[in-house]
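Residue strings, one per chain:
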Amino acid sequence: MSQAVERHIDRSNMTVSDEVAIQITNMNKWYGEFHVLRDINLTVNRGERIVIAGPSGSGKSTMIRCINRLEEHQQGKIIVDGTELTSDLKNIDKIRSEVGMCFQHFNLFPHLTILENCTLAPMWVRKTPKREAEEIAMHFLEKVKIPDQAHKYPGMLSGGQQQRVAIARSLCMKPRIMLFDEPTSALDPEMIKEVLDTMIELAEEGMTMLCVTHEMGFARQVANRVIFMDQGQIVEQNEPEEFFNNPKSERTKLFLSQILGH
Amino acid sequence: MSNTNSLSYVRKEMLEQQPAPRSQVGFTRWVRENLFSGWFNSILTIVSIFVIYKILAGTLPWLFGGVWDATSLEQCRTILTERFGNTHYACWAVLTERWNQLLYGFYPETQYWRANLAFVLMLASLAPVLFDKVPRKMLYLTMAFPFLLVWLVWGGTIWGVTSVAVGFILGGVAFKLVDRFGSMALSTIAAVAVALIWWLFIGPSVVGGLNAVAPLGHLQEVQSRDLGGFMICVIIGISGIALSLPIGIILALGRQSDLFIVKTICVGFIEFIRGVPLITLLFTASLLLNYFLPPGTTFDLTLRVIIMVTLFSSAYMAEVIRGGLAALPKGQYEAADALGLDYWKAQRLIIMPQALKISIPGIVNTFIGLFKDTTLVMFIGIYDMLGLSNAIRANAAWNGIYWELFIFIGLVFWICCFAMSQYSQWLERKLRTDHR
Ligand SMILES: Nc1ncnc2c1ncn2[C@@H]1O[C@H](COP(=O)(O)OP(=O)(O)O)[C@@H](O)[C@H]1O
Ligand SMILES: [Mg+2]
C-alpha cells in the first residue's frame, strides 16, 4: 500500500507560520439520526501539510467537505482564513474561491476541453479576462506537465492525467488552501506516482494542504502532522515519525497494522 | 517430463497486425451471413423479395402514373379512363389545384409574399441556433424574429409589436438594475412588474397615439381565422418548440428545488398537464378561456392555442430534462460548488449543457410529438392541412378524394420530423467528447 516516493524533497519553503488558516471548534454533524462527526477540534496553520487517515466510513470526507461547505455542519464553528462559515452565501462564496478541492473521481467537466475546465472558474467567478485566464491555465497545466493536452477533452486522458488537470484547475483560482479527498485511490498503481509528485511540488511551494489519503509514504515525507479518525472522531494526531513508529491508541495500532500489512 | 526450459519463454519480436481473411469482409459475406445463412433464412429471403415486388408492382404505377393537371376528380377520372382504360391511378391534380390553400389556408392571395418572407426569415434565424458555425451576429435576427413574424403574418403597423418588444426590454433593464442588490427573486419580480405595467397600461395608449400620428409600416391586417394550412402548423409548431424548451428547463429545475412552494407548484403543474389530453386543453383554449377573461378583451385564438400547446409540451419536456439531470453524477455539482460557481452559473455552464446533451433524444421526441399534435387544432376550427383536406372534400369538385391528400400531408410531416431526427443525431455525434 505504501508507495515509496523516492525523491528528494526541498524543504526550504515548507515552513509553518503561526497564522491560523483553518480553525474548527467543537464541530458536530449529523446525517438524520446518524452522528457522523463528533466534537471535532482542529487548528491548521498556514503552510501546514496534514494527512488525514482512518478506516472507511470514519467521516474523513465529511470533515474536509465541511471546510468548503459541500456539507453543512450543525454545531460548532469553522473559521477559514478569518471568515466564519455560516449560511451567509457571501461568506461561502468567498471561502470557496480561496479553498481548492480535488476529488477521488476527479470530477472534471467532460463537455469542456482541459483548457476550458481550467479557465471556467477564473473567468466566471473572478471575472478574469479570457486571455489572461488562458495564460494562467497554461501556466498551471505546464506545472502539472500536461500543456500539450490542453485542447483535448477529459475523456481522452488517462486517470493520472485527469487528476493532475483537476489539481491545475483548482490552482487556477489561486487558492490559499488545498483539500484532497483520496486523490489517488481511483488510480492504477503506475499513475499514483505522477499525482503524488504533483502534490509534493505543491507542498514544496508552501501550500497549506489537507489530504485524506492512504499513501503512507506520502504522509511520512510530506506531512507535518497525521490525523487519525475513527467513528467520526479525531482519535490521534501526531508528527508522522511518532505517529507511525509509536502510535498511542489501540485503534491506531490496529489500523496501521492493517494498512501497512504487518 | 517436467522440463523447466519449456516453461520459460520470451518473445523477441512483436507480430505485425494481419488483415482479416477475404471471406470475412465485404458484400458477399454480408449477403451470405444476413440473407442466406441457412435453408430457412433463404426461403424467408425469397418470400420477402416476392412480397416486396408485389407491393411495389401495385403501388408504383398508381403513384407515378397519376394525373397532375385537372380541376376536379371527375375530370381526373375521364383523363385516366382515356389514357389507361381504368381509374386505378392517383389524382395528384388536387394538390396542384389546391396548392396555395394547403400552404397558406385562407390567407389573402395578394399577401402571400409576407408569409414567404416570414418563412425565409425563420430559416435564417434558426440557422445560428442550430449550427454554431453560423456567425453569432445572426442571433440578433433570431431575437427580433418573433416580433417580425407577428408583424408580417398578422399585419398592422410596426408599433404594436414594437410595444411588446419594449416591454421585454424594460423588464430586462429592471432586472439588471435590481439585480445589483443580489436577490434573484426580487429582480425577477421587478422585471415582470415593469413589463406588465408597460404592456397593460402605458403601451396600448402609446401605440394608439403612434398609430394615429405615424402609421409606420402598415400592412393589411389578417385575422387568425384566415390562417391555415402548412403555415399555421409551422407557426404553432415552431413557437411551441421554441417556448417549451426553456419553460421545461425551468420546470425541471423547479421540481428539484429545495423551496417547498416552488417545488409544489412545478410538480402540480407537470402532473396536471400530463394527466390531461391535449385536445381538452385546446377546447379550453378555444371555448372556456373567454369566460374567464374580462369581457371585451380580445385574446387571439392562435396565441391561445400556442400557449396551450407550449404548456402541454413543456410538462413533458420538464420530465425529459429531469431524466438528464438525474443521470449527471453528483460530482459535477460538487466540483462546480467547490470552484465557487453560484447556482445559476453552475446550472448554465456545467449542469444544463450536460443534462440537455443527455436528453437530446427525449427532447427531440417531444418536439416531434408536438409538431404532429398541431393537427389537433383541426378540432377547434382552425384549418390546418388536415382540416383543409376535409374542406376540400366538402367541395363538389373533389368529393371522394382521400389518399392523395393524406399521402401528401403525411409526407410533409414525415419530411419535417425526419429532418428533426437527423439533425438531433448529427448534434449528438458532434457533442460527443468521450472518444479516445
Ligand atoms: N449523504 C449522506 N447521507 C447519509 N449518510 C452519509 C452520507 N454521506 C456519508 N454518510 C455516512 O457517513 C459516514 C462517513 O462517511 P465519509 O465521510 O464518506 O467517510 P470516509 O470518507 O471516512 O470513508 C459513513 O458511515 C457514511 O455511510
Ligand atoms: Mg471518503
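The structure under discussion appears in the preceding block.
I will try to describe carefully the structure that is included in this document. These numbers were taken from a predicted model, which means no experiment stands behind them.

Rules of the game
Residues numbered from 1 in each chain as written. Chains lettered and ligands numbered in written order. Predicted model: local features only at pLDDT ≥ 70, side-chain atom pairs only at ≥ 80, totals over all residues. Heavy atoms only, no water. Helix = DSSP H or I, 4+ residues; strand = E, 2+ residues; numbered from the N terminus. Rg over C-alpha atoms; globule rule 2.2 N^0.38 Å. Buried < 20%, exposed > 50% of the residue type's maximum accessible area, 1.4 Å probe, protein only. Contact = heavy atoms within 4.5 Å. Lys, Arg positive; Asp, Glu negative; His and termini not counted. Charge placed at Lys NZ, Arg CZ, Asp CG, Glu CD. Polar contact = N/O pair within 3.5 Å; in protein donor to acceptor, adjacent residues only side chain to side chain. Buried area = accessible area lost by both parts, 1.4 Å probe. Salt bridge = Lys/Arg side-chain N within 4 Å of Asp/Glu carboxyl O. Patch = residues over 30% accessible without salt bridge, like charges linked within 9 Å, V, L, I, M, F, W, Y side chains within 5 Å. Areas by Shrake-Rupley, 256 points an atom, 1.4 Å probe, with all protein chains shown as cover. Near = heavy atom within 4 Å. Nonpolar A, V, L, I, M, F, W, Y, C, P; charged D, E, K, R; others polar. Pairing = 2+ DSSP bridges. Axes fitted to C-alpha atoms, helices over the stretch in contact; angles between N-to-C directions. Phe/Tyr/Trp six-rings, centres within 6.5 Å; stacked < 30°, edge-to-face > 60°. Lys NZ or Arg CZ within 6 Å of the ring centre and 35° of its normal.

**Topic: the overall build of chain A**
Part 1 of the reasoning: Along its length, chain A carries 9 helices and 10 strands.
Part 2 of the reasoning: Over its C-alpha atoms chain A spans a radius of gyration of 18 Å, differing by no more than 12% from the 18 Å that the globule rule assigns to 262 residues.
Part 3 of the reasoning: When the 262 residues of chain A are sorted by exposure, 57% land in the buried category.
Part 4 of the reasoning: At a minimum sequence separation of 6, the contacts of chain A that also span at least 24 residues come to 69%.
Part 5 of the reasoning: Across chain A, the centroid of the 30 positively charged side chains sits 3 Å from that of the 36 negatively charged ones.

**Notes on the side chain of Glu48(A)**
Residue and element names in this part refer to chain A.
Part 1 of the reasoning: Structurally, glutamate 48 is set in the loop between β2 (34–45) and β3 (49–53).
Part 2 of the reasoning: Judged by relative accessible area, glutamate 48 falls into the buried class, the value being 6%.
Part 3 of the reasoning: In terms of polar contacts, glutamate 48 uses its side chain to reach the side chain of arginine 225, at 2.7 Å.
Part 4 of the reasoning: Apart from residues lying up to four places away in sequence, glutamate 48 is in contact with Val16, Thr43, Met207, Thr208, Met209, Asn224 and Arg225.

**Quick notes on the interface of chain B and chain A**
The figure often quoted for interface size is the accessible area lost as the parts come together.
Part 1 of the reasoning: Every contact between the two is made by 21 residues of chain B and, on the other side, 24 residues of chain A.
Part 2 of the reasoning: Of the roughly 2,100 Å² buried between chain B and chain A, counting both surfaces, carbon and sulfur atoms make up 62%.
Part 3 of the reasoning: Of all residues in chain B, Ala338(B), Leu339(B) and Thr433(B) give up the largest surface area on contact with chain A, accounting jointly for 28% of the area buried on that side.
Part 4 of the reasoning: Linking chain B to chain A there are 1 salt bridge.
Part 5 of the reasoning: Between Glu334(B) and Arg65(A) there is a salt bridge, with its nearest N and O atoms 2.7 Å apart.
Part 6 of the reasoning: Counting across the chain B and chain A interface gives 7 residue pairs in polar contact (both at pLDDT 80 or more).
Part 7 of the reasoning: Among the elements of the structure, α15 (330–338) and α16 (343–373) of chain B are those that each provide at least two residues to the side of chain B that touches chain A.

**As for a nonpolar patch on the surface**
Part 1 of the reasoning: Taken together, the side chains of Trp39(B), Phe40(B), Ile43(B), Leu44(B), Val47(B), Phe50(B), Val51(B), Tyr53(B) and Ile55(B) present a nonpolar region at the surface, about 1,000 Å² in accessible area.
Part 2 of the reasoning: Residue placement: Phe50(B) occurs in helix α3 (residues 39–64).

**Details of the environment of Glu205(A)**
Residues and elements named next belong to chain A.
Part 1 of the reasoning: By secondary structure assignment, the location of glutamate 205 is in the loop between α6 (189–204) and β8 (208–212).
Part 2 of the reasoning: Separated by 165 residues in the primary sequence, glutamate 205 and isoleucine 40 have C-alpha atoms spaced 28 Å apart.
Part 3 of the reasoning: Apart from the residues lying within four places of it in its own chain, the contact partners of glutamate 205 are Asn13 and Lys143.

**Points about the site of ligand 1**
Residues and elements named next belong to chain A.
Part 1 of the reasoning: Near ligand 1 you find Tyr31, Phe34, Val36, Pro55, Ser56, Gly57, Ser58, Gly59, Lys60, Ser61 and Thr62, and these make up its full shell.
Part 2 of the reasoning: With respect to ligand 1, the backbone of serine 58 contributes an N or O atom lying 3.2 Å from an oxygen atom.
Part 3 of the reasoning: At 2.4 Å, a side-chain N or O of threonine 62 approaches an oxygen atom of ligand 1.
Part 4 of the reasoning: Surface burial for ligand 1 is 59%, taken as the share of its 560 Å² of free accessible area covered by protein chains.
Part 5 of the reasoning: Only β2 and α1 (60–67) provide two or more residues apiece to the shell around ligand 1.
Part 6 of the reasoning: If you tally residues by element for the shell around ligand 1, the top one is α1, at 3 residues.
Part 7 of the reasoning: Tallied by class, residues from the shell around ligand 1 come to 4 nonpolar, 6 polar and 1 charged.

**Quick word on the pattern of salt bridges**
Part 1 of the reasoning: In the structure shown here, the tally under the stated rule is 25 salt bridges over all chains.
Part 2 of the reasoning: A salt bridge links Asp81(A) to Arg176(A), with the nearest nitrogen and oxygen atoms 3.3 Å apart. A residue pair is termed long-range when its members are at least 10 positions apart, and Asp81(A) in the loop between β4 (75–80) and β5 (83–84) and Arg176(A) in the loop between α5 (159–171) and β7 (177–181) qualify at 95 residues.
Part 3 of the reasoning: Residues Arg29(B) and Glu33(B) are paired through a salt bridge, measuring 3.2 Å at the closest nitrogen-oxygen approach. Remark: Glu33(B) and Arg29(B) occur in helix α2 (residues 26–34); sequence separation between them is 4 residues, near one turn of the helix.
Part 4 of the reasoning: Relative accessible area serves as the criterion here: at 47%, Glu33(B) is assigned to the partly exposed category.
Part 5 of the reasoning: It is possible to trace a salt-bridge network through shared partners that takes in Arg255(B), Glu271(B), Arg274(B), Glu319(B) and Arg322(B).

**Re the sheet that holds strand β9 (residues 225–230) of chain A**
Residue and element names in this part refer to chain A.
Part 1 of the reasoning: If you walk across this open sheet you meet the 6 strands as β6-β7-β8-β3-β9-β10, and the pairing is mixed. Edge positions in the open sheet fall to β6 (99–102) and β10 (233–238), since each of these has one partner strand only. Across the sheet, the mean angle separating the axes of adjacent strands is 20° when strand polarity is ignored.
Part 2 of the reasoning: The pairing of β7 with β8 spans 5 bridges and is classified as parallel. For isoleucine 177, the partnering residue across the bridge sits in β8 and is threonine 208.
Part 3 of the reasoning: Strands in contact with helix α2 (residues 89–98) are β6 and β7; relative to β6, the strand with the most contacts, it is inclined by about 65°.

**What about the environment of Asn117(A)?**
Residues and elements named next belong to chain A.
Part 1 of the reasoning: Looking at where asparagine 117 falls in the secondary structure, it is placed in helix α3 (residues 114–124).
Part 2 of the reasoning: Residue classification places asparagine 117 among the buried positions, given a relative accessible area of 0%.
Part 3 of the reasoning: The spacing of asparagine 117 and cysteine 172 is 55 residues in sequence and 9.9 Å in space, taken between C-alpha atoms.
Part 4 of the reasoning: At 2.8 Å, the side chain of asparagine 117 and the backbone nitrogen of phenylalanine 109 are in polar contact.

**Structural notes on the packing of aromatic side chains**
Part 1 of the reasoning: Under the definition given, this model contains 19 aromatic pairs over all chains.
Part 2 of the reasoning: Between Phe147(B) and Phe168(B), the aromatic rings sit 6.1 Å apart at their centres with planes inclined by 65°, giving edge-to-face as the arrangement. With Phe147(B) in helix α8 (residues 139–154) and Phe168(B) in helix α9 (residues 159–179), this pair connects stretches of sequence that are 21 residues apart.
Part 3 of the reasoning: Under the relative-accessibility criterion, Phe147(B) is labelled partly exposed at 22%.
Part 4 of the reasoning: Joined through ring pairs, the aromatic side chains of Trp62(B), Trp68(B) and Trp92(B) make up one cluster.
Part 5 of the reasoning: Directly above the aromatic system of Phe109(A) lies the positively charged group of Arg169(A), at a separation of 4.5 Å from the ring centroid.
Part 6 of the reasoning: Note that Arg220(A) overlies the ring of Phe244(A), its terminal NZ or CZ placed 4.6 Å from the centroid.

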